[in-house]
Amino acid sequence: MTETRDQPAPPARLLRIQEVAAEVGLTPRSVRYYEELGLLKPAARSEGDYRLYDATDVERLRFIKGLRDDAGFSLAEIAELLEDEAAREREHVAFHSTSDPGERRRILRDRLVRYEHQAQMLRAKVARLQTMIDETEGRRVRTMGRLEAFAGESAGPSAESATPSPNLEKAR
């Protein structure tokens, strides 16, 4: 029977800016810009002063990219969300480092304000998206009406134009 010992994990590999940009699907310039805006801070710098990024930085960049590309958040909105997250982490430490009930209540009230702010930001985003959906649906319905009117004028009465589209009926 052989004895297995837990081997220390190898040190995490740090990536240079070109590598992290390629892995996440950004340009090195975008990564630098996010750093300038304060959205990201490299884990380290090399002896030659190159930016070096760890796995946490890669995940943060993926999160930023997802908020920007998939959810349509502006970089300013992303900065607010990231600051709220950083504040929650600081508050978490502060909460667990005190036993003073008054201080704990203050921390929880601050956290509640941040959650309400985030919820408001998300509701505003949903409202903007709903407006866009409604406008698109209106254009679609108007286009269907024009298409059916055009089909009726140019082809004369036909079985196709005599039966309204179920989608058009639903929209009326």
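The preceding data block contains the structure.
Here the structure is a predicted model, which means the values were calculated and not measured.

> Which residues make up helix H4 (residues 75–96), and what are the values?
Between its terminal C-alpha atoms H4 stretches 32 Å, which fits the 32 Å expected from 22 residues at 1.5 Å a residue. All buried positions along H4 are accounted for by Glu 77, Ile 78, Leu 81, Leu 82, Asp 84, Ala 87, Arg 88, Glu 91 and Phe 95.

> Please set out the environment of Ser 74 residue by residue, giving values where relevant.
By secondary structure assignment, the location of Ser 74 is in the loop between helix H3 (55–69) and H4. Residue class for Ser 74 comes out partly exposed when judged on its relative accessible area of 34%. Remark: the alpha-carbon pair of Ser 74 and Ile 64, spanning ten residues in sequence, is separated by 9.9 Å.

> Can you lay out the sheet that holds strand S3 (residues 51–53) for me, pointing to particular residues and giving the numbers?
Strand order across the open sheet formed by three strands is S1-S3-S2, with antiparallel pairing between neighbours. For this open sheet the edge positions go to strand S1 (15–16) and strand S2 (44–45), each flanked by a neighbour on one side alone. Here two bridges tie S2 to S3, and the two strands are oriented antiparallel to one another. Pairing of Arg 45 across the sheet is with Arg 51, part of S3.

> Run through the nonpolar core, naming residues and quoting values.
Of all hydrophobic cores here, the largest spans 20 residues; its most connected members are Val 20, Val 31, Leu 61 and Ile 78. Listing elements by their share of this core, those giving two or more residues are helix H1 (17–24), helix H2 (28–37), H3 and H4. Dropping the residues within four chain positions of it, Val 20 is found in contact with Leu 15, Val 31, Tyr 53, Val 58 and Leu 61.

> Break down the pattern of salt bridges for me, citing the residues and quoting the values.
Across all of its chains, the model carries 18 salt bridges by this definition. The residue Arg 29 makes a salt bridge to Glu 36 at a minimum N-O spacing of 3.2 Å. Taking relative accessible area as the criterion, Arg 29 reaches 46% and is therefore assigned partly exposed. In this structure, the salt-bridge partner of Arg 128 is Glu 77, at a minimum N-O distance of 3.2 Å. Taken together, the residues Arg 128 in helix H5 (residues 101–155) and Glu 77 in helix H4 connect sequence positions 51 residues apart.

What counts and how
Residues numbered from 1 in each chain as written. Predicted model: local features only at pLDDT ≥ 70, side-chain atom pairs only at ≥ 80, totals over all residues. Heavy atoms only, no water. Helix = DSSP H or I, 4+ residues; strand = E, 2+ residues; numbered from the N terminus. Expected span 1.5 Å × (residues − 1). Buried < 20%, exposed > 50% of the residue type's maximum accessible area, 1.4 Å probe, protein only. Pairing = 2+ DSSP bridges. Core = buried A, V, L, I, M, F, W, Y, C linked by side-chain atoms within 4.5 Å. Contact = heavy atoms within 4.5 Å. Salt bridge = Lys/Arg side-chain N within 4 Å of Asp/Glu carboxyl O.

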